[in-house]
Amino acid sequence: METIEISGILGLTALVLLTLNILMGIMLSTAYKQSDYWKKLPAKIKAFKIIDIHNYTAYFALVIVFLHFIIIPLDPSSKFSFNHLLKPLSAPHQPIFVLLGSISFLALLIVIITTQKIVKKKLGTTTWRNIHVISYATGLLFIIHGLVMDPLLKDRPIDFIDPEKLLVEACALILLAAFVFRYKYKVGKK
Ligand code: HEM
Ligand code: HEM
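Residues numbered from 1 in each chain as written. Chains lettered and ligands numbered in written order. Predicted model: local features only at pLDDT ≥ 70, side-chain atom pairs only at ≥ 80, totals over all residues. Heavy atoms only, no water.

Draft legend 1. Molecular detail of the side chain of Ser-78. Mapped onto the secondary structure, Ser-78 falls in the loop between helix H4 (50-70) and helix H5 (82-86). Residue classification places Ser-78 among the buried positions, given a relative accessible area of 1%. Each residue touching Ser-78, except ones within four places of it in the same chain, is listed here: Ile-4, Ile-72, Pro-73, Pro-92, His-93 and Leu-153. (Helix = DSSP H or I, 4+ residues; strand = E, 2+ residues; numbered from the N terminus. Buried < 20%, exposed > 50% of the residue type's maximum accessible area, 1.4 Å probe, protein only. Contact = heavy atoms within 4.5 Å.)

Written as structure tokens, this is what we have:
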């Protein structure tokens, strides 16, 4: 398997993990334990601590994203150098969409850093929360990035029915539905 293919698989894995993470974040902020759906679930599922899973998947996804991009320059056919990773707009392929990936990574890093106990305490809950909700914008950026990037870096147009891109599209729809649910919950509460 080519290095660039491994990078693509890691990118898709990170995208799915981050989608699940946003879903769990929404569960946490909408008092999921009081919902009738949750109450009807088997005890084994209810034993899961969503806050812990939300926490672990965040770190796991961060490591996977890091591996996803750090190995790209190791494939000579990618024409990427490590410098291109630091300056995405100078990337040899689809620079604007590489930039969206870079912004997603930075946003992920910011959300994780600001969630560390000492930082969170200094920021206060309101500021922490305001920073945390940038995750919705991050979701939009990594979906566009994952959909548009050509996995073989040949600058081909998007193949919407390619199985990998179908996975990205499915995550996009799930995130959209979850966002609408979260918005309605907020409006309903008001
Ligand atoms: C470092 C690990 C993390 C911890 C400990 C953590 C913790 C939390 C907690 C406690 C909440 C509930 C907030 C509330 O309503 O009171 C939450 C919500 C949320 N989290 Fe995280 N989080 C982490 C990382 C992430 C990451 C990396 C993402 C992005 C992929 C994310 C996305 C969200 C979202 C979208 C919400 C719902 C925000 C809302 O609509 O109010 N979290 N998180
Ligand atoms: C949250 C952050 C990121 C996520 C979730 C993500 C996800 C993805 C996904 C799903 C693909 C398409 C794979 C496929 O269709 O098979 C992809 C491709 C790509 N991404 Fe990312 N990415 C992220 C960050 C980055 C960063 C920071 C860079 C570089 C600075 C980058 C560079 C690339 C490149 C060059 C490709 C095309 C080659 C390949 O498939 O590996 N990505 N990414």
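Draft legend 2. Quick peek at helix H1 (residues 3-29). With 27 residues, H1 should reach 39 Å at 1.5 Å per residue; the first-to-last C-alpha distance of 39 Å fits that figure. Of the residues one or two after H1, Ala-31 is the one with positive phi, at around 45°. (Expected span 1.5 Å × (residues − 1).)

Draft legend 3. Spatial organisation of helix H9 (residues 134-148). Taking 1.5 Å per residue, 15 residues should reach 21 Å; H9 reaches 21 Å between its end C-alpha atoms and fits that length. Those residues of H9 not exposed but buried are Ser-135, Thr-138, Gly-139, Phe-142, Ile-143, His-145, Gly-146, Leu-147 and Val-148.

Draft legend 4. Quick look at the layout of surface pockets. When its volume is computed, the largest pocket comes out at roughly 1,100 Å³. The wall of the largest pocket is formed by 37 residues, among which Gly-25, His-54, Trp-128, His-132 and Val-133 lie closest to the centre. Elements represented by at least two residues in the lining of the largest pocket include exactly H1, H4, helix H6 (95-114), helix H7 (117-123), helix H8 (125-132), H9 and helix H10 (163-189). Per-element accounting of the lining of the largest pocket gives the leading share, seven residues, to H1. Looking at the lining of the largest pocket residue by residue, the classes come out as 18 nonpolar, 12 polar and seven charged. Here the second largest pocket is characterised by a volume of approximately 780 Å³. Around the second largest pocket, the lining is made up of 33 residues, and of these His-68, Phe-69, Ile-72, Gly-101 and His-145 lie nearest the centre. Contributions of two or more residues to the lining of the second largest pocket are made by H1, H4, H5, H6, H9 and H10. The element best represented in the lining of the second largest pocket is H1, accounting for eight residues. For the lining of the second largest pocket, the class distribution of residues is 21 nonpolar, nine polar and three charged. (1 Å grid on protein atoms, 1.4 Å probe; cavity = no way out; pocket = protein on both sides within 12 Å on 5 of 7 lines; lining within 4 Å. Points joined across faces, edges and corners; volume = space filled by probe spheres on them. Nonpolar A, V, L, I, M, F, W, Y, C, P; charged D, E, K, R; others polar.)

Draft legend 5. View of the site of ligand 2. Taken together, 26 residues sit near ligand 2, with Ser-7, His-68, His-145, Glu-164 and Lys-165 positioned nearest. The contact in question runs from an oxygen atom of ligand 2 to an N or O atom on the side chain of Glu-164, over 2.6 Å. In this structure, an oxygen atom belonging to ligand 2 sits 2.8 Å away from a side-chain N or O atom of Lys-165. Mapping ligand 2 onto the cavity grids shows that it belongs to the second largest pocket. For the shell around ligand 2, the elements supplying multiple residues, two or more each, are H1, H4, H6, H9 and H10. The element contributing the most residues to the shell around ligand 2 is H1, with seven residues. Of the residues that constitute the shell around ligand 2, the class distribution is 14 nonpolar, nine polar and three charged. (Near = heavy atom within 4 Å. Polar contact = N/O pair within 3.5 Å; in protein donor to acceptor, adjacent residues only side chain to side chain. Sits in = over half its atoms within 2 Å of the grid points.)

In short, geometric facts, not functional conclusions.
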